Amino acid sequence: MAAAASSPAVLPISNPQTTTNTQQTTTGVGPTPALRSFINRISETIQGGLSNRRPWSELVDRSAFSKPESVSDATLRIRKNYSYFRTNYLSLIAVVLAFSLITNPFSLFLLAGLLAAWLFLYLFRPSDPPLVLFGRQFSERETLGVLIVSTVVVIFLTSVGSVLVSALMIGVAIVCTHAAFRAPEDLFLDEQESPATGFLSFLSGAAASSAAGPAVAARV
């Protein structure tokens, strides 16, 4: 008993390899930096685009509507009104697209699955380790080929393509009709406004930032 009591205490020793593996596992959880940058850019672009929208009261001002004198006059009105109400028109088209997809839940489910597959299986997935599904390892070329074939099947062989085309045609028709009958004489256009502003400007910035990343650069 005395010998056992006088024996020195044993201090716990941490395993550096286990600690390193735990840290790597912890840091590997969560979205990749490229995905976070993409989401942040989308959020900033939407907020910036909405801040540049014109008052909706100007869009529906009945006193500003008149019949165009000719086709050329209607075309000129469409160009001027689009330059002024660009954010409002894009918002209107987006609402038409969203309504069409909501009323077609099967198409919405397929489109959301296709978008998620592109984002998480190719665009923002690290190159190492390789993709493994159902016990089979897929190379980068095989993954890209499967995604392209899946996109073609979803867009052209299901109702997704017809829903998107129909919604876009309806939205563009509404925008063109409004712009053709809305007299732009009372509008003050800002000629210094960048043509890249809007809800789609994040694509160029996101593509540039993604191309700079090592994950996407390895695929180019």
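Since the structure is predicted, the reported quantities are computational estimates derived from the model, not experimental observations.

**Looking at the overall build of the chain**
Inference 1: Scanning the chain from terminus to terminus reveals eleven helices and two strands.
Inference 2: Going from N to C terminus, the chain has its helices and strands arranged as α-α-α-α-α-α-α-β-β-α-α-α-α.
Inference 3: Scored against the burial criterion, the 220 residues of the chain give a buried share of 27%.
Inference 4: Contacts in the chain between residues at least 24 apart in sequence constitute 80% of all its contacts with a sequence separation of at least 6.
Inference 5: Only carbon and sulfur atoms are counted for the fraction: they give 68% of the accessible area of the chain, which is about 15,100 Å².

**Points about the nonpolar core**
Nonpolar side chains in soluble globular proteins tend to end up buried together.
Inference 1: Counting seven residues, the largest nonpolar core consists of Leu59, Tyr84, Phe85, Tyr89, Ile93, Val175 and Ala179.
Inference 2: Where this core is concerned, the elements lending two or more residues are helix H6 (86-102) and helix H9 (159-181).

**Considerations on a nonpolar patch on the surface**
Inference 1: Residues Ile148, Val149, Val152, Val153, Phe156 and Leu157 make up a contiguous nonpolar surface patch of about 590 Å² in total accessible area.
Inference 2: Position of Ile148 among the secondary structure elements: in helix H8 (residues 140-156).

Definitions and limits used
- Residues numbered from 1 in each chain as written.
- Predicted model: local features only at pLDDT ≥ 70, side-chain atom pairs only at ≥ 80, totals over all residues.
- Heavy atoms only, no water.
- Helix = DSSP H or I, 4+ residues; strand = E, 2+ residues; numbered from the N terminus.
- Buried < 20%, exposed > 50% of the residue type's maximum accessible area, 1.4 Å probe, protein only.
- Contact = heavy atoms within 4.5 Å.
- Areas by Shrake-Rupley, 256 points an atom, 1.4 Å probe, with all protein chains shown as cover.
- Core = buried A, V, L, I, M, F, W, Y, C linked by side-chain atoms within 4.5 Å.
- Patch = residues over 30% accessible without salt bridge, like charges linked within 9 Å, V, L, I, M, F, W, Y side chains within 5 Å.
- Salt bridge = Lys/Arg side-chain N within 4 Å of Asp/Glu carboxyl O.

Functional significance is not addressed by these values, which are geometric in nature.
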